[in-house]
Each structure stands twice: as structure tokens, then as C-alpha cells.
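# Structure at a glance
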Amino acid sequence: MSGRAKSKGPPVLFECGLVIFRKSVAGLSEAALARFVSRASRAVNLQGDVSVLVTTSHEVRALNRRFRKLDKTTDVLSFPPMFATGEFAGDIAISADVAARNAKELGHSAANEVKILALHGVLHLAGYDHEADHGRMAGLELKLRKRLRLPAGLIERAQGIKARRARGGRRR
């Protein structure tokens, strides 16, 4: 066996585009994730299909190394289309391993964590950039997270961690 995650079945087309689970997530089906991504896309007026890959940390690290030249694992990657056609909004890759670890640490389900990561990816595909937009993406993510009934989002958590570190506290 090669160590790569085996596909849980053939890729499935949904309203949002393509959803592939290379690694399963407890309590989350391809159909449920597709419905969530469709809702999130509509909420930010993202036009076009979004493809979502839920896979291992190993595969996400390989994608990060190949496309961002960063040889490290990450939780979510977003890839806008190379050519704007209006029919395709982009791709999102999510690490099921990181999602499960974060969910356990933060006290919510892995299914909710994958949705948080998908929302973050959708926002990036819609053109938001939390590293350069002076809080605009963070504010929208918070609003959408509440509307979509999700626990704390990525930016919100990162800001809390930075604040604790600045006060001399440690992350639990």
C-alpha cells in the first residue's frame, strides 16, 4: 500500500461543482458538504462552480509545496481559476487530518471544522484576503459563520491566539 488515501468512491457532481472525499470525515457526506459550499458561495455572490477535495495532510502539503512553494502542511488551500470563464470559481483543498485535530482541540465536530475551512476557502475564491484587507474578510467570515451556525472561524481563532501570545499566555 502506498500510504495515499484511497478515494471513497467516484467523484460526485453537485450544484456547487465537484466534491471528492479522499479521506472521510465523521458526520459529513459529500452531499452535505456540497450543500454547504453552495450556501456559502451564494452568501458571498461567488459565481461559478467550486470543486472541493477533502484529503490527507500529506496531499495538502504536496499541493502547498507545488503551488505556493511552501513545504509545510496547512488546513485549507484555495485555487482561483487560471482563466476567468464565469462557469468555474475555483478549487478548495482541505486537510481532513488538520480539521480533525483542530476540531478535537477546539471542542467541536470534525464536520463543522471542515465547513469552517470550506467557508474560508470560498471567501478567498470570492477575492477576500485576510492578510491585506484590514479586517474586511474577518468581519464577513464572522457574520457568515454565525448565519451558517458554525463555531469560531479561522481568522477569529488566529486573532485570539495572537492576543494571548501578546499577553504572554500560551495556547491550550
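Residues numbered from 1 in each chain as written. Predicted model: local features only at pLDDT ≥ 70, side-chain atom pairs only at ≥ 80, totals over all residues. Heavy atoms only, no water.

## Quick look at unusual backbone geometry
- Positive phi values are uncommon outside glycine, yet Lys 69 reaches one of about 60°.
- Although it is not a glycine, Arg 149 adopts a positive phi angle of roughly 60°.

## Concerning the environment of Gly 48
- By the element assignment, Gly 48 lies in the loop between α1 (30-43) and β3 (49-55).
- The partly exposed category is assigned to Gly 48, whose relative accessible area is 29%. (Helix = DSSP H or I, 4+ residues; strand = E, 2+ residues; numbered from the N terminus. Buried < 20%, exposed > 50% of the residue type's maximum accessible area, 1.4 Å probe, protein only.)

## A short note on the confidence of the model for the protein
- With 78% of its residues at a pLDDT of 70 or more, the protein shows a mean pLDDT of 84.
- Between residues 1-7, whose pLDDT stays under 50, and residues either more than four places distant or in other chains, the model counts eight contacts. (pLDDT = per-residue confidence, 0-100. Contact = heavy atoms within 4.5 Å.)

## Describing the pattern of salt bridges
- Within this structure, the stated rule accounts for four salt bridges.
- The closest approach of N and O atoms between Lys 23 and Asp 97, which form a salt bridge, is 2.3 Å. Of the two residues, Lys 23 is situated in the loop between β2 (17-21) and α1 and Asp 97 in helix α3 (residues 96-106); the sequence distance between them amounts to 74 residues.
- Residue Arg 65 is joined to Asp 71 by a salt bridge in which the shortest nitrogen-to-oxygen separation is 2.6 Å.
- Judged by its relative accessible area of 38%, Arg 65 falls in the partly exposed class.
- Overlapping salt bridges, with partners in common, bring together Arg 61, Arg 65 and Asp 71 in one network. (Salt bridge = Lys/Arg side-chain N within 4 Å of Asp/Glu carboxyl O.)

## Brief notes about the pairing of β3
- Taken across its seven residues, β3 has six buried, putting it largely inside the fold.
- With three bridges joining them, β2 and β3 adopt parallel strand pairing. What sits directly across from Phe 21, in β3, is Val 54.
- At this point the chain moves from β2, through α1, to the parallel β3, and the crossover so formed is left-handed.
- Sheet topology note: the β3/strand β5 (residues 88-95) ladder contains seven bridges and is parallel. Across the sheet, residue Val 52 finds its bridge partner in β5, namely Ile 92. (Pairing = 2+ DSSP bridges. Right-handed = clockwise from strand over helix to strand, strands pointing away.)

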